[in-house]
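Okay, here's what each chain looks like letter by letter:
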Amino acid sequence: FAKDPWRLFVGAPSKFLEDNLVKATGHWDHKCMICDNKAMTRGAQDHLMSLNHFKALWQKMETLNPRAGLPPQHIGEEMEGRPWVQPFDMPGGRYLFNHLTGGQTLSRGGSAAGGAGVGQLGAPA
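Analysis parameters
- Residues numbered from 1 in each chain as written.
- Predicted model: local features only at pLDDT ≥ 70, side-chain atom pairs only at ≥ 80, totals over all residues.
- Heavy atoms only, no water.
- Helix = DSSP H or I, 4+ residues; strand = E, 2+ residues; numbered from the N terminus.
- Buried < 20%, exposed > 50% of the residue type's maximum accessible area, 1.4 Å probe, protein only.
- Contact = heavy atoms within 4.5 Å.
- Pairing = 2+ DSSP bridges.
- Expected span 1.5 Å × (residues − 1).
- Arc of directions from axis to C-beta.
- Core = buried A, V, L, I, M, F, W, Y, C linked by side-chain atoms within 4.5 Å.
- 1 Å grid on protein atoms, 1.4 Å probe; cavity = no way out; pocket = protein on both sides within 12 Å on 5 of 7 lines; lining within 4 Å.
- Points joined across faces, edges and corners; volume = space filled by probe spheres on them.
- Nonpolar A, V, L, I, M, F, W, Y, C, P; charged D, E, K, R; others polar.

Student: How should I be thinking about the overall build of the chain in this particular structure?
Tutor: In terms of helices and strands, the chain carries four helices and six strands. When its helices and strands are written in sequence order, the chain yields α-β-β-α-α-α-β-β-β-β. Counting the 125 residues in the chain, one finds 36% classified as buried. Considering only intrachain contacts with a sequence separation of at least 6, the fraction spanning at least 24 residues in the chain is 45%.

Rendered as structure tokens:
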């Protein structure tokens, strides 16, 4: 496990996710679907940067595709209907977080699967 590269890769997107979840919902202890709905009790950034989350994500990828592990890039980057993309319901729509890429999208009104008002959010700073 390359802990430092993972932490560097997911650090900014996980902070961006945490900030947006807190702003929209007023709390930061959301659940992580990759980790069997474990509560992210210290916030999304701390949880997503952890070794346990990385291991759970990698195990899920190996289960989905035992021979290759990760999906091809064009599939991995998709934001809807993938088991590594987690929806968070919030006022005004659903917030989608891609656990593989750190990509984030807000779907306003309706469900994200319907594609109504889906748009990429700005990149994390």
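Student: Sorry if this is basic, but what is going on with the pairing of strand β5 (residues 104-108) here?
Tutor: Along a regular strand, successive side chains alternate from one face of the sheet to the other. Of all five residues in β5, four are buried; the element is thus mostly enclosed. Judged from the five bridges that link them, strand β4 (residues 93-98) and β5 form a sheet pairing that is antiparallel. Bridge pairing in β5 places leucine 96 opposite threonine 105.

Student: Would you take a moment to explain helix α3 (residues 51-64) for this structure?
Tutor: Note on helix geometry: an α-helix contains 3.6 residues per turn, so any two residues three or four positions apart are oriented the same way. Between its first and last C-alpha atoms α3 spans 20 Å; for 14 residues at 1.5 Å apiece the expected length is 20 Å, and the two agree. Within α3 the residues assigned to the buried category are His53, Ala56, Leu57 and Met61. The arc that holds the buried residues of α3, viewed along the axis, is 135°, so those residues lie on one side. Turned more than 90 degrees away from the buried face of α3 sit Asn52, Gln59 and Thr63, all of them exposed.

Student: Would you mind showing me how to read the nonpolar core here?
Tutor: What tends to happen in soluble globular proteins is that the nonpolar side chains get buried as a cluster. Core analysis: the largest hydrophobic core is formed by 24 residues, its most contacted members being Leu17, Leu48, Leu57, Phe88 and Tyr95. Those elements that place two or more of their residues in this core are α1 (3-25), α2 (44-48), α3, β3 (85-90) and β4. Looking at this core element by element, the count peaks at four residues for α1.

Student: When you look at the environment of methionine 49 in this model, what are you seeing that I'm missing?
Tutor: Relative to the helices and strands, methionine 49 resides in the loop between α2 and α3. Classification of methionine 49 by relative accessible area gives buried; the value is 12%. Between the alpha carbons of methionine 49 and serine 14 there is a distance of 7.6 Å; along the sequence they are 35 residues apart. Those residues in contact with methionine 49, other than ones at most four positions away along the chain, are Trp6, Arg7, Val10, Gly11 and Ser14.

Student: How should I be thinking about unusual backbone geometry in this particular structure?
Tutor: For residues besides glycine, phi is generally negative; the peptide bonds are generally trans as well. Positioned with a positive phi, aspartate 36 is a non-glycine residue whose angle comes to about 55°. Even without being glycine, asparagine 37 reaches a positive phi, approximately 60°. Within the secondary structure, asparagine 37 sits in the loop between β1 (31-32) and β2 (38-39).

Student: Help me out: how do you make sense of the layout of surface pockets in this one?
Tutor: The volume enclosed by the largest pocket comes to roughly 220 Å³. The wall of the largest pocket is formed by Trp6, Phe54, Leu57, Trp58, Leu70, Pro71, Pro72, Gln73, Gly76, Glu77, Leu100 and Thr101. Elements with a minimum of two residues in the lining of the largest pocket: α3 and α4 (73-76). Sort the elements by how many residues they give to the lining of the largest pocket and α3 lands first, with three residues. When its residues are assigned to classes, the lining of the largest pocket shows eight nonpolar, three polar and one charged.

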